[in-house]
Each structure stands twice: as structure tokens, then as C-alpha cells.
Amino acid sequence: MHVTVLVPAHDEEDQIAETITSLHGQRRRPNRVIVIADNCTDRTADIARAHGAEVIKTVGNRHKKAGALNQVLEVLLPQLGSRHAVLVMDADSALDPGFIHHAVLRLATGELAAVGGTFTGKPGGGLVGMFQRNEYARYARDVRRLHGKALVLTGTATLFRALALKEVVRARRGGRLPGRDQVYDVRVLTEDNELTLALLHLRFRILCPAECTLTTEVMETWKDLFKQRLRWKRGALENLTDYGWTRVTFAYWGRQLLSLVGIIVIFAYLGATAWSIAVTGTLDFHPLWVAVTGVFMVERIVTVRSRGGVQMAVAALLVVEMIFDVFLQITQAKAFWDAAWRRERKW
């Protein structure tokens with residue numbers, strides 16, 4: 001298959017060289033690498049060219065990553081046929097050497113429309129970075145246990161069959177899918193999640209095999225992480241609202257319900273603990289909450305085994321990881337609240 005890589009980049013001069021180098025270091029190198037310089041004010045374009053990539057600058061794009069990709073895909077897709085694939089990846093990601101090789105092998109069978117990757121976090125970010133790396137390790141473990149049946153083709157890196165992307169455009173044009181007649185729906189906050197739903201509603205198959213791995217940047221401050229996760233969670237809710245209740249969204253709505261239950265449980269847990277201390281001056285070990293604590297602790301330890309003994313020890317200190325879990329639940333609650341009251345959506 002002929003593989004074209006699209007890397008949308010907005011002011012990524014610190015990351016773009018590593019991203020392109022990871023593409024040159026692939027066991028199966030791509031045929032073409034295009035960096036989409038989207039409203040850049042730094043040296044992203046110059047660095048990309050210096051590392052051997054083509055550079056296309058967006059014109060008048062007001063729709064961020066989705067708009068930048070659409071501008072290039074509108075020109076590129078008509079030139080592509082059944083033997084062509086398009087790899088879309090973030091400018092702050094770096095593919096492991098076998099990613100494209102294994103993705104092409106899977107795609108070339110003709111059974112799949114897209115092959116996504118699982119990712120680990122790059123170094124940095126202190127405590128908040130550590131939490132994200134542990135979270136990503138748990139996500140990759142879950143995907144492996146499901147034999148690659150991930151719910152989302154993430155924007156970090158996904159290889160698409162060109163004909164599948166063309167079918168998405170036709171389906172949007174014909175009213176069978178939400179959005180305008182483009183690959184990416186520019187109205188949404190999470191364009192990768194929406195495109196996943198689009199492919200599944202067209203009865204295409206997707207996979208995130210264990211062999212397709214990469215590293216991606218972590219948010220280095222709590223503020224940046226909160227903004228990122230609020231966008232992800234709010235976007236996922238609104239994607240589901242656009243598609244409604246279907247055979248595809250059934251499982252996704254179920255996960256949202258579980259998230260809501262999770263919010264209730266964790267705040268009930270913290271509330272019961274605080275009440276016990278406030279009223280009695282001691283911590284009352286109720287059997288129910290002791291059991292919940294035990295299950296939670298074991299799950300935390302087991303699911304970070306791939307990160308080594310130090311991270312397992314940190315996970316065993318329940319209060320440390322609970323900081324991150326409470327943070328995520330607060331973010332989820334804010335997303336539910338904003339979606340319910342239709343507050344302004346922000347990237």
C-alpha cells in the first residue's frame with residue numbers, strides 16, 4: 001500500500017523534528033510525509049522542511065486541527081485509490097519503529113477501514129505527568145485485553161484506508177452522517193472520536209493492535225490537563241448526542257452511564273469518610289467501604305505492572321492515585337454540567 005502521512009501542526013517547533021524522525025525510522029517507511037502548518041507563528045515549517053517533510057500551509061483556517069486536515073484532504077483524497085492509505089498523527093507524537101509496518105499488514109487484508117495505535121506518555125510534567133503515564137499504561141492494557149477492540153481511533157496516530165475516508169465524505173453529503181461533506185466534522189470538539197463513530201455507523205471495522213505503539217506528549221500542568229480532559233469528555237458527550245441511540249452508540253452511552261455512577265460512588269466514598277471524621281473524630285471502617293477500598297487498591301496496583309515496581313508501589317499508596325481519580329471525576333462532572341446547560345464550548 002502507498003502510505004501518505006499527514007501531520008497537522010500549530011506552533012510545534014519543539015516537537016516536529018522528533019515526530020518526523022520517528023517516521024524516517026520506520027521499518028516500513030511512508031511514501032510521503034506532509035506537515036500541515038496551521039497558522040504557525042514559529043519555525044515549525046522551516047524545521048519540518050529541514051527534516052525532509054513536505055509542508056503545506058493552511059489558508060484562512062478557523063477550525064483548528066479538523067479544518068487543517070480537511071483543507072489538505074479535499075485536494076489529496078480525489079487522487080487516492082484502493083491501494084492508498086492515509087496516516088494522520090499528532091505533531092507531538094513519535095511512532096515506535098514497527099507502527100506503520102504492522103498497521104499496513106492489518107489494513108492490506110481488506111477487512112479493516114482503519115488501524116489505530118496505543119500510546120505511552122513522554123517524560124516530564126512531574127506528578128501530573130506521572131499520573132498520565134500510568135493512565136495511558138492502563139488504557140493500553142485494556143485495549144490489549146480486548147484484542148485491539150478500542151472504542152476510539154485517537155488522533156495520536158491512525159492509519160485510514162483512503163476509500164473509507166471517501167465513503168465518509170459521501171455519507172455526509174448524502175445526509176447519512178452528521179456534518180458537512182468533508183472527512184472531519186468541524187463543529188465538534190473531538191474530531192477523532194466523531195470520525196470513529198462515523199466509520200462504525202457505515203459498518204466499517206477498526207482495530208488498535210498491540211503492535212502499533214507510540215509515545216505522545218503529556219500535559220505538564222493541572223490547568224492544561226483540565227482543559228484537555230474537559231474538551232475530550234464534553235466532546236464525547238456531544239458526539240453521542242449528534243448520533244443519538246443506535247446499535248453503535250449503545251456501548252458508548254453505557255460508558256457514560258458508568259462514568260456518572262463513578263462520580264456518585266467516589267464522592268459518596270469521600271463524603272462518608274469526611275462525615276466519620278467530623279462527627280466521631282475517628283475514621284469508621286464500614287465493611288462496605290473497606291471492601292471498595294480493597295478492590296480499588298488491587299486494581300490500581302495490577303494495572304500498572306507494565307510501568308515497573310516503583311509505580312506499583314506508588315499505586316499501592318491509595319491516597320496518591322486518588323488525587324488523580326478525583327480530579328478526573330471533577331472534570332467529568334463539569335463536562336456533564338456544561339453539556340446539560342449548553343454552555344459555550346471551548347477548545
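About the criteria used
Residues numbered from 1 in each chain as written. Predicted model: local features only at pLDDT ≥ 70, side-chain atom pairs only at ≥ 80, totals over all residues. Heavy atoms only, no water. Patch = residues over 30% accessible without salt bridge, like charges linked within 9 Å, V, L, I, M, F, W, Y side chains within 5 Å. Areas by Shrake-Rupley, 256 points an atom, 1.4 Å probe, with all protein chains shown as cover. Salt bridge = Lys/Arg side-chain N within 4 Å of Asp/Glu carboxyl O. Helix = DSSP H or I, 4+ residues; strand = E, 2+ residues; numbered from the N terminus. Buried < 20%, exposed > 50% of the residue type's maximum accessible area, 1.4 Å probe, protein only. Domains from an automatic or database assignment. Contact = heavy atoms within 4.5 Å. Buried area = accessible area lost by both parts, 1.4 Å probe. Polar contact = N/O pair within 3.5 Å; in protein donor to acceptor, adjacent residues only side chain to side chain. Nonpolar A, V, L, I, M, F, W, Y, C, P; charged D, E, K, R; others polar. Pairing = 2+ DSSP bridges. Axes fitted to C-alpha atoms, helices over the stretch in contact; angles between N-to-C directions. Core = buried A, V, L, I, M, F, W, Y, C linked by side-chain atoms within 4.5 Å.

(A) Fine view of a nonpolar patch on the surface. Judged by side-chain polarity, Leu-257, Leu-260, Val-261, Ile-264 and Val-265 come together as a nonpolar surface patch covering roughly 430 Å² of accessible area. Tracing the backbone shows Val-261 in helix H9 (residues 249–280). Classification of Val-261 by relative accessible area gives partly exposed; the value is 40%.

(B) Just the domain arrangement of the chain, in detail. The domain architecture assigned to the chain consists of domain 1 (2–220) and domain 2 (250–341). Relative placement of domain 1 and domain 2: their C-alpha centres are 32 Å apart. Between domain 1 and domain 2, the residue contacts involve twelve residues of the former and 17 residues of the latter. Summed over both sides, the interface of domain 1 with domain 2 buries roughly 1,400 Å², with 61% coming from carbon and sulfur. Taken together, the connections running from domain 1 to domain 2 amount to one salt bridge. Of the charged contacts in the structure, one is a salt bridge between Glu-321 and Arg-138, with a shortest N-O distance of 2.8 Å. One can count six residue pairs in polar contact (both at pLDDT 80 or more) joining domain 1 with domain 2. Every element with two or more residues in the side of domain 1 that touches domain 2 is listed here: helix H5 (126–145) and helix H7 (191–201). For the side of domain 1 that touches domain 2, the element with the most residues is H5, which contributes eight residues. A breakdown of the residues in the side of domain 1 that touches domain 2 according to their chemical character gives six nonpolar, two polar and four charged.

(C) Geometry of the sheet that holds strand S7 (residues 118–121). If you trace the three strands from one edge of the open sheet to the other, you get S5-S10-S7, paired in mixed fashion. Looking along the sheet, the strands with just one partner apiece sit at the ends: strand S5 (93–95) and S7. Across this sheet, the average inter-strand angle for adjacent strands is 30°, counted without regard to direction. Both S7 and strand S10 (residues 213–216) contribute to a ladder of four bridges, which runs parallel.

(D) Seen up close, the nonpolar core. The biggest cluster of nonpolar side chains holds 41 residues, and the ones touching the most others in it are Leu-6, Leu-73, Phe-160 and Tyr-184. If you list the elements that add at least two residues to this core, you get strand S2 (32–37), helix H3 (64–76), strand S4 (84–89), helix H6 (162–173), H7 and helix H8 (222–243). Sequence-distant contacts of Leu-6, defined by excluding residues within four places in its chain, comprise Ile-34, Ile-36, Leu-69, Val-72, Leu-73, Leu-76, Val-86, Leu-87, Val-88 and Met-89. Membership of the second largest hydrophobic core comes to 36 residues, among which are Val-3, Ile-20, Leu-95 and Phe-119.

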